[in-house]
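# Structure assessment
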Amino acid sequence: EAGVAQSPRYKIIEKRQSVAFWCNPISGHATLYWYQQILGQGPKLLIQFQNNGVVDDSQLPKDRFSAERLKGVDSTLKIQPAKLEDSAVYLCASSLASSDTQYFGPGTRLTVL
Amino acid sequence: GEDVEQSLFLSVREGDSSVINCTYTDSSSTYLYWYKQEPGAGLQLLTYIFSNMDMKQDQRLTVLLNKKDKHLSLRIADTQTGDSAIYFCAELNTGGFKTIFGAGTRLFVKA
C-alpha cells in the first residue's frame, strides 16, 4: 500500500514570496491533516479536512495560509506571503477517519530567507 | 488545556534498554501513540495503546500506561544505533478528534 506522498521535499524562498505544497493521502483515507513542525518542536496542527470539508483550522494563520482539498483526495497548502518564521517542515498526514491512526508523509522542508 | 510533555534527550549505550517517558493531561484520551522520526523523514508510527490497557508489547517495544498518573512510557530493549531518532508521544482526544503531540525525545545511542 502506497504511503502519503508530498512534494516538493525541499523549498527555499525569500520572504514575501509565495509557496505551495502538495499532498496525496493514502487511498481511501477520508481525513487529511496539515501540520507545521518547527525545529525542535512537535507537529502543530494547521488544518484538518474530512473529505473536502474543513473540520478544524483554528491554528491556521488565515491572513497568509490557505489550504484546499477540492475533490476530497489531494490537498494543497499555500503560504502567501511567506515570513521568516514560516521556516519549518510541513507534514501531511491521513487517516481512515478522524478517530483513527494518522500516517505521515515525508514532509516538505521550507526555508524562508 | 491539553498538553503532552516529554524529556528532551536520552542517551544510552548500544545493547542497553531505553525508557522514554511522557505525561499527558487529557483524561478523556482514548489512544496514545509513539511515533519515531529519523532525520529528514516524516513521523513513523511505532506502536499505540488503547486507554483501557496497561501494557502492550511488540517485539523489542514495551508500552506501559498508568492512566491514574497520566503517564506513558516506551521501553526499547537491546537498543541499537539504528534506534537513534526523535520519539514523539501523542494522545488522541476523542472529544475533538484531535491528536496532540509532545515536543519529542531525542534518543542518542552510543556504540
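Preceding block: the structure.
Presented here is an overview of the structure given in this document. Note that the structure is predicted; figures quoted are calculated from it, not measured.

Each value, and the rule that gives it
Residues numbered from 1 in each chain as written. Chains lettered and ligands numbered in written order. Predicted model: local features only at pLDDT ≥ 70, side-chain atom pairs only at ≥ 80, totals over all residues. Heavy atoms only, no water. Helix = DSSP H or I, 4+ residues; strand = E, 2+ residues; numbered from the N terminus. Polar contact = N/O pair within 3.5 Å; in protein donor to acceptor, adjacent residues only side chain to side chain. Contact = heavy atoms within 4.5 Å. Buried area = accessible area lost by both parts, 1.4 Å probe. Salt bridge = Lys/Arg side-chain N within 4 Å of Asp/Glu carboxyl O. Nonpolar A, V, L, I, M, F, W, Y, C, P; charged D, E, K, R; others polar. Pairing = 2+ DSSP bridges. Axes fitted to C-alpha atoms, helices over the stretch in contact; angles between N-to-C directions.

All names here are of chain B. Here S18 lies in strand 3 (residues 18-24). There is a polar contact of 2.7 Å between the side chain of S18 and the side chain of T79. Setting aside residues no more than four positions away along its own chain, S18 makes contact with L10, V12, L74, R75, I76, T79 and L107.

Let's shift gears to the interface of chain B and chain A. Of the residues lining the interface, 17 residues belong to chain B; the matching set on chain A comes to 19 residues. Between chain B and chain A lies a buried interface of about 1400 Å² when both sides are counted; carbon and sulfur atoms form 52% of it. Its largest share of buried area at the contact with chain A, chain B owes to L43, F97 and F101 of chain B, together 31% of the area lost on that side. Counting across the interface, chain B meets chain A through zero salt bridges. For the side of chain B that touches chain A, the elements supplying multiple residues, two or more each, are strand 4 (29-37), strand 5 (43-50), strand 9 (85-93) and strand 10 (98-101) of chain B. Taken together, the residues that form the side of chain B that touches chain A break down as 11 nonpolar, five polar and one charged.

Residues and elements named next belong to chain B. Pairing analysis gives six bridges linking strand 3 to strand 8 (residues 71-76), with the strands arranged antiparallel. Within strand 8, the residue paired with I20 across the bridge is L74. Of the pairings in the sheet, the one linking strand 7 (residues 61-66) to strand 8 comprises six bridges and is antiparallel in character. Residue L64 lies in a different strand from strand 8, and its bridge partner there is S73.

Here the focus is the sheet that holds strand 7 (residues 65-68) of chain A. Residue and element names in this part refer to chain A. Taken together, the four strands give an open sheet; going across it, the order is 1-3-8-7, and neighbouring strands pair in antiparallel fashion. Taken across any chain shown, the strands that pair with only one partner, and hence form the sheet edges, are strand 1 (5-7) and strand 7. Strand after strand, the sheet turns through a mean of 15° between neighbouring axes, direction not considered. Here strand 1 pairs with strand 3 (residues 19-24) via three bridges, running antiparallel. Along strand 3, the bridge assignment pairs Q6 with C23.

Another aspect to go through is the sheet that holds strand 1 (residues 4-6) of chain B. All names here are of chain B. Strand order across the open sheet formed by five strands is 1-3-8-7-6, with antiparallel pairing between neighbours. Each of the sheet's edge strands pairs with one partner strand only, and the pair in question is strand 1 and strand 6 (55-58). The sheet shows a mean angle of 15° between the axes of neighbouring strands, taken without regard to direction.

These figures capture arrangement, not role.
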